[in-house]
Amino acid sequence: MNDKYILYLLVFKTLFACATLYYFAIYLGFDMFTYPDFYTSYGNCSERPYTNILYSKLFCDLSSITGKVITHRSSVFIFLAALINMLILVGYFKIFKKYLNKQGKYLLIFLFVIHPYINIYFFRFYTEIFASLGIFLILFYKIRNLNINFFFVLAAIILMNFRNALIPVFVFYCLYEIYSQFNKKNLKALLYSAVLIAACLLTYVPVMEFSSKFISINSNVNFLEKITYNIILAFGFRESIGVSRDIFVLDEWFDILSFVTSMVLLTIHLIGLYGVGKLSLKKDVSILVIFIYLVVPILAVSHMRYLVPLIPVLLFGFSYVFFKRQTKQI
């Protein structure tokens, strides 16, 4: 029976993701793989990258070994991005299905399939794909009640060197694990947590300067206004609006459609956040540590690209609010 759900997800997600790629890239003529950061930082192999070092080294080393330029636009990485993103969605469905009734499972698959940002980023091998893997890793361990082990530490170190924004998430996750395991005297889990915290701090040192510059963006704006504005942008608005901050400029039909879509997504995501909060209070409040991923963007400059790793979790939360499984004990 569960195989039926997975089959639906695989088939319809592939169709909708391909349709999205065709619509934007072929019909509208948009460049679906525009990534200015790649050429200014990650693809500039003559200089040391100032952030996400392993991501840069991946492409620079491959280009050096093969003797030709390898980028995120290369076919192999487009296919790899699609494969990883599909496996992440399947993984989330398998994790969350036990909390949803039949209607909730169908709703979650429907949201996974039609969500425009998941579809737009489905074929993009950007740094966010490693953030998605990092968030999934934490959720998998929390939902399965697994302690930090060697695999978790190794995977976390690799992923946060591909996507430095994961550093504070893993730090706070480990701090909570130390707090929760201390009374249980689980020395192995405590040691792994301490090692990972040390690794997080060492990973942060080379990117400290970039982090400081990023956090100072829009520092001249009223703090409360900036936080409120950035939360709205993070949960519902695309990157161009987040950077320009022209949130209410509606000149053409495409802008109006985009605004309406953003408001719908904002509503779904915020309801989803409420749903995840409900589950975490019922099961384990430390699940909420994954949202630390958004703290730095909200303090600086924010848009929905930073939300991409958390969107599947929020879509589950939305489904959970309306169609949670009615059982006394999950």
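Refer to the structure printed above.
Not measured: the values here are computed from a predicted model.

Draft legend 1. Focus on the overall build of the protein. When helices and strands are tallied, the protein shows 16 helices and 0 strands. On C-alpha atoms alone, the protein measures out to a radius of gyration of 20 Å, which is about the 20 Å that the 2.2 N^0.38 rule sets for 330 residues. Viewed in the frame of its principal axes, the protein has a C-alpha envelope of about 55 × 50 × 45 Å. Taking contacts inside the protein between residues at least 6 apart in sequence as the whole, the part at least 24 apart equals 76%. Surface summary for the protein: the accessible area is close to 16,400 Å², and the carbon and sulfur share equals 68%.

Draft legend 2. Fine view of the packing of helix α9 (residues 167–182) against helix α10 (residues 187–204). Close contact between α9 and α10 brings their axes to 9 Å; oriented N to C, the two are set at 155°. Taken together, the axis directions place α9 and α10 in an arrangement best described as roughly antiparallel. Crossing of α9 against α10: the hand is left-handed. The segment α9 lies against α10, with Ile 167, Phe 170, Val 171, Cys 174, Leu 175, Glu 177, Ile 178, Gln 181 and Phe 182 engaging Ala 189, Leu 190, Ser 193, Ala 194, Leu 196, Ile 197, Cys 200, Thr 203 and Tyr 204. Taken together, the residues that form the contact of α9 with α10 break down as 14 nonpolar, 3 polar and 1 charged.

Draft legend 3. Molecular detail of α10. Its 18 residues give α10 an end-to-end C-alpha distance of 26 Å, which sits within 8% of 26 Å, the value for a rise of 1.5 Å per residue. Here α10 has its buried residues at Ala 189, Leu 190, Ser 193, Leu 196, Ile 197, Ala 199, Cys 200 and Thr 203. Buried-residue contacts for α10 involve α8 (150–162) and α9.

Draft legend 4. Seen up close, a positive patch on the surface. Side chains of Lys 94, Lys 98, Arg 144 and Lys 283 sit close together on the surface and give a patch of like positive charge. Looking at the secondary structure, you find Lys 98 in the loop between α4 (75–96) and α5 (102–114). With a relative accessible area of 35%, Lys 98 lands in the partly exposed category.

Draft legend 5. Molecular detail of the pattern of salt bridges. Summed over all chains, the structure comprises 6 salt bridges. Notably, a salt bridge pairs Asp 61 with Lys 57, separated by 3.6 Å at the nearest N-O pair. Linking Asp 61 with Lys 57, this pair stays in helix α3 (residues 53–66), spanning 4 residues, or about one helical turn. Taking the relative accessible area as the measure of exposure, Lys 57 reaches 40% and is therefore partly exposed. Here Arg 305 ties to Glu 128 by a salt bridge, and the two come within 2.5 Å at their closest N and O atoms. Within this pair, whereas Arg 305 is found in the loop between α15 (295–299) and α16 (311–323), its partner Glu 128 is found in helix α7 (residues 128–143), the two being separated by 177 residues in sequence. What makes Glu 128 buried here is its relative accessible area of 2%. When salt bridges that share partners are traced, they join Glu 128, Arg 163 and Arg 305 into one network.

Draft legend 6. Structural detail: a nonpolar patch on the surface. A surface patch of nonpolar side chains, amounting to about 860 Å² of accessible area, comprises Leu 7, Tyr 8, Leu 10, Val 11, Phe 12, Leu 15, Phe 16, Tyr 106, Phe 110 and Ile 114. Where the nonpolar patch is concerned, the elements lending two or more residues are α1 (2–27) and α5. When residues in the nonpolar patch are grouped by element, the largest group, 7 residues, is from α1. For Phe 16, the position within the fold is in helix α1.

Draft legend 7. Geometry of the side chain of Arg 124. Looking at the secondary structure, you find Arg 124 in the loop between α6 (116–120) and α7. At a separation of 2.6 Å, a polar atom in the side chain of Arg 124 contacts the main-chain carbonyl oxygen of Met 32. In contact with Arg 124, not counting residues within four places along its chain, are Met 32, Phe 33, Ala 81 and Ile 129.

Draft legend 8. Quick peek at unusual backbone geometry. Of note, Asn 52 is a non-glycine position whose phi angle comes to about 50°, a positive value. Tracing the sequence through the fold places Asn 52 in the loop between α2 (36–42) and α3. Classification of Asn 52 by relative accessible area gives buried; the value is 1%. Backbone geometry places Asn 145, a non-glycine residue, at a positive phi of 55°. Within the fold, Asn 145 resides in the loop between α7 and α8.

Draft legend 9. Structural context of the environment of Leu 100. Checked against the element boundaries, Leu 100 lands in the loop between α4 and α5. Accessibility expressed as a relative area gives 2% for Leu 100, which makes it buried. Here the alpha-carbon distance between Leu 100 and Arg 325, two residues 225 residues apart in the chain, equals 4.5 Å.

Draft legend 10. Broad picture of the packing of α4 against α5. One can describe the packing of α4 onto α5 by two numbers: an axis separation of 11 Å at closest approach and a directional angle of 160°. Classed by the angle they form, the pair α4 and α5 counts as roughly antiparallel. α4 and α5 meet at a crossing whose hand is right-handed. The residues of α5 that touch α4, namely those facing Leu 89, Tyr 92, Phe 93 and Phe 96, are Lys 105, Leu 108, Ile 109 and Phe 112. Class assignment for the residues of the contact of α4 with α5 results in 7 nonpolar, no polar and 1 charged.

Quick notes on the rules
Residues numbered from 1 in each chain as written. Predicted model: local features only at pLDDT ≥ 70, side-chain atom pairs only at ≥ 80, totals over all residues. Heavy atoms only, no water. Helix = DSSP H or I, 4+ residues; strand = E, 2+ residues; numbered from the N terminus. Rg over C-alpha atoms; globule rule 2.2 N^0.38 Å. Contact = heavy atoms within 4.5 Å. Areas by Shrake-Rupley, 256 points an atom, 1.4 Å probe, with all protein chains shown as cover. Axes fitted to C-alpha atoms, helices over the stretch in contact; angles between N-to-C directions. Parallel < 35°, antiparallel > 145°, perpendicular 65-115°, else oblique. Left-handed = near helix turned anticlockwise from the far one by under 90°. Nonpolar A, V, L, I, M, F, W, Y, C, P; charged D, E, K, R; others polar. Expected span 1.5 Å × (residues − 1). Buried < 20%, exposed > 50% of the residue type's maximum accessible area, 1.4 Å probe, protein only. Patch = residues over 30% accessible without salt bridge, like charges linked within 9 Å, V, L, I, M, F, W, Y side chains within 5 Å. Salt bridge = Lys/Arg side-chain N within 4 Å of Asp/Glu carboxyl O. Lys, Arg positive; Asp, Glu negative; His and termini not counted. Charge placed at Lys NZ, Arg CZ, Asp CG, Glu CD. Polar contact = N/O pair within 3.5 Å; in protein donor to acceptor, adjacent residues only side chain to side chain.

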